[in-house]
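# Fold and contact review
Spelled out, the chains give:
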Amino acid sequence: MEKIIGGQLAAEALIDRGVKHIFSISGGHITPIYQFLENTSVKIFATRHEQAAVFMAEAYARMTRKPAVAMVTAGPGFTNALSGIASARLSNAPIILIAGCVGLETAEKLDLQDMTQLPVIAPMVKKALVCHNAERVPEFIDMAFRYATQGRPGPVYLELPCDMLNATADMTKVRRYESTVTSRSVDCESAGKIIDLLKGAKNPIIIAGSGAWYSDAGPELVSFVEKTGIPAFTLGGGRGVIPDTHPLCFESSLAIRPGASLMGNMGADLVLFLGSRLSLFYIFGDIFSKAAKFIQVDIEAEEIGRNRSVDLGVVSDVKAMLAELVRIVDERKVGPTLQQQYTPWLEFIKKSDAEGKAQAQPMWEKAEMPIHPLRLAREIDDYMDREDDIVVSDGGDTATWMGMTRTVRKAGHYLDYGLYGCLAVGLPYANAAKLLNPGKRVLLVIGDGSVGFNFMEFHTAIRNNLPIVVVVANDTLWGMIAHSQQLRLGHAIKDGTDLGHVHYEKMVEALGGFGAYVEKPEDIRPAIEAAFASGKTACVNVMVDPSVISPGSVALANLGGYKA
Ligand SMILES: Cc1ncc(C[n+]2csc(CCOP(=O)(O)OP(=O)(O)O)c2C)c(N)n1
């Protein structure tokens, strides 16, 4: 009889699951899986750092809303992967991290790359699994996929000890598993109560977060907003579920965004909070009036009520809930009445939007040197104007400026690090975006500090023919920290915030990519055009004004536990 080992069963289970890419760096402990993935439908996508592999899986999962797999070797491969796992936990990305580890035979004998991995990662994931039995590998892989995707999506860890991967399986005991849950929970009674509360409101807003995107609630959200006339905002993974260009969408709910968000958040008398979390981004809930009615809809009961008591907490799938709300609005024929009721509020929101934007206009348009970083963000936003364009941002101030500017036309087409705030995501996210979307333009804008972390991912892009365009917003500083120190101490602490002037574009040229260097505002657009036209992985190094302080740095100096 053919000898089948645990590694083969793992490889076959991943193939059976339809996995197309596994993001990874090789290692002896996982070779028994690699050897059975060679020349199969699964491509091992090799990065230059395990952190980058997991960030790629995270972006892949965030964009496709399907589970993505990263695979790392024991010990150092595992520890390098941890930042990506922490990030995926906060972005709700359904990723599965498979890690090798030393075998039971040699545990605690001082074997190579030995460390106790499971208790380190267990608090960081939805579920930490270890399979000790070769025959049960397919079952554990099925389990990992189920945990990653059900309820609130998130990361799952699966540890496969190397002696188990090399052990011969008793095939009479092997069973194939694959289950997918398709039903969506909806609380119909609460839907009626939401409509009743809306009838009593004058100034309602809707905020849609990543829960709206993961449940694919875009069409239902647009329909509900159009029928009722409630102004809508989006945040994080929810950006784009209703396009920023929709007349009833007022873009990001981040209060620092030039537009209506601050007045919308502060002036609302009812907040319909859909699949979002009351995090720092809402000053832990304090941005809203205490008197406002707060309705929170979330797939996870534990999330409801974090940082604020709610008037109505609903455990529900966001899409199913919105579909029910649309149905009730139609059935009770309340749409026109609600629209009329909210008209003065909508006019106020539109006026706030215009005023907020007018205030930022001089910075968006600033023509003098040195380049204002908001002008750079505006040039990028203007250039990346196709519905399918994908923009990724990374860096402290840089991501803040881009978040204040980017017009998100389609969900899943704007990525930043979100709540985990981990610099270094940019290149892996952009590479994952291009891998998934070879026909779409992908641009990353990134701080000069952040670009250093995973710089060799330029090479990964070049090797894999991923012609992404990377714009480095180069202020020769770890800008956000230098700026928040200036605000707090009156000066930046040079050690730790100074980076010096580096020609990053030349480094990319040396790797085989395209490079351009920009100092004048009017040269930004031609350089980006040339970068895309080159068809190569490109770096456009743009010198920006190091003295401009972003609202993100102001917040860092003044908010919560960061303030002096
Ligand atoms: C991995 C990681 N290390 C450190 C920090 C702290 N931090 C936040 S913003 C920032 C400065 C970022 O500088 P840069 O990438 O040049 O972007 P800029 O703020 O200048 O736009 C630092 C060091 C972090 N968020 N993540």
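Overview of the structure. (Residues numbered from 1 in each chain as written. Predicted model: local features only at pLDDT ≥ 70, side-chain atom pairs only at ≥ 80, totals over all residues. Heavy atoms only, no water.)

### Digging into the site of the ligand
Taken together, 17 residues surround the ligand, and among them Asp397, Thr398, Gly421, Gly449 and Ser450 come closest. Measuring from an oxygen atom of the ligand, one finds a backbone N or O atom of aspartate 397 at 2.8 Å. Glycine 449 is positioned with one of its backbone polar atoms (N or O) 2.8 Å from an oxygen atom of the ligand. Expressed as a share of its isolated accessible area of 590 Å², the protein-covered part of the ligand is 77%. Broken down by secondary-structure element, the contributors of at least two residues to the shell around the ligand are helix 16 (396-405), helix 18 (450-453) and helix 20 (479-489). Here the shell around the ligand is built from residues that sort into 6 nonpolar, 8 polar and 3 charged. (Near = heavy atom within 4 Å. Polar contact = N/O pair within 3.5 Å; in protein donor to acceptor, adjacent residues only side chain to side chain. Areas by Shrake-Rupley, 256 points an atom, 1.4 Å probe, with all protein chains shown as cover. Helix = DSSP H or I, 4+ residues; strand = E, 2+ residues; numbered from the N terminus. Nonpolar A, V, L, I, M, F, W, Y, C, P; charged D, E, K, R; others polar.)

### Some words on the sheet that holds strand 11 (residues 293-298)
Taken in spatial order, the 6 strands make up an open sheet running 9-8-7-10-11-12, and their pairing is parallel. Edge positions in the sheet fall to strand 9 (249-252) and strand 12 (312-315), since each has one partner strand and no second. Pairwise comparison of adjacent strand axes, ignoring direction, gives a mean angle of 15° for this sheet. Sheet topology note: the strand 8 (residues 232-234)/strand 9 ladder contains 2 bridges and is parallel. Paired with alanine 232 across the two strands is cysteine 249, which belongs to strand 9. In the packing of helix 9 (residues 188-199) onto the sheet, contacts are made with strand 7 (204-208), strand 10 (270-274), strand 11 and strand 12, and the angle to strand 12 comes to roughly 150°. (Pairing = 2+ DSSP bridges. Axes fitted to C-alpha atoms, helices over the stretch in contact; angles between N-to-C directions. Contact = heavy atoms within 4.5 Å.)

### A word on the packing of aromatic side chains
The description of an aromatic ring pair rests on the distance of the ring centres and on the angle between the ring planes. Tallied over the entire structure, the rule returns 15 aromatic pairs. On the basis of an interplanar angle of 45° and a centroid distance of 5.2 Å, the ring pair of phenylalanine 273 and phenylalanine 294 is categorised as tilted. Of the two residues, phenylalanine 273 is situated in strand 10 and phenylalanine 294 in strand 11; the sequence distance between them amounts to 21 residues. Among the residues examined, phenylalanine 294 registers a relative accessible area of 0% and is labelled buried. Aromatic side chains tryptophan 345 and phenylalanine 348 sit 5.8 Å apart centroid to centroid with 20° between the ring planes, which places their arrangement in the stacked category. One end of the pair, tryptophan 345, and the other, phenylalanine 348, are both in helix 14 (residues 335-365), 3 residues apart, so they sit about a helical turn from each other. Among the residues examined, phenylalanine 348 registers a relative accessible area of 33% and is labelled partly exposed. Ring pairs connect the aromatic residues Phe273, Tyr282, Phe288 and Phe294, which therefore count as one cluster. For the cation-ring pair, arginine 378 lies above tryptophan 364, with the distance from its terminal atom to the ring centre recorded as 4.8 Å. Here the basic side chain of arginine 441 rests over the ring of phenylalanine 532, its NZ or CZ set 5.6 Å away from the ring centre. (Phe/Tyr/Trp six-rings, centres within 6.5 Å; stacked < 30°, edge-to-face > 60°. Buried < 20%, exposed > 50% of the residue type's maximum accessible area, 1.4 Å probe, protein only. Lys NZ or Arg CZ within 6 Å of the ring centre and 35° of its normal.)

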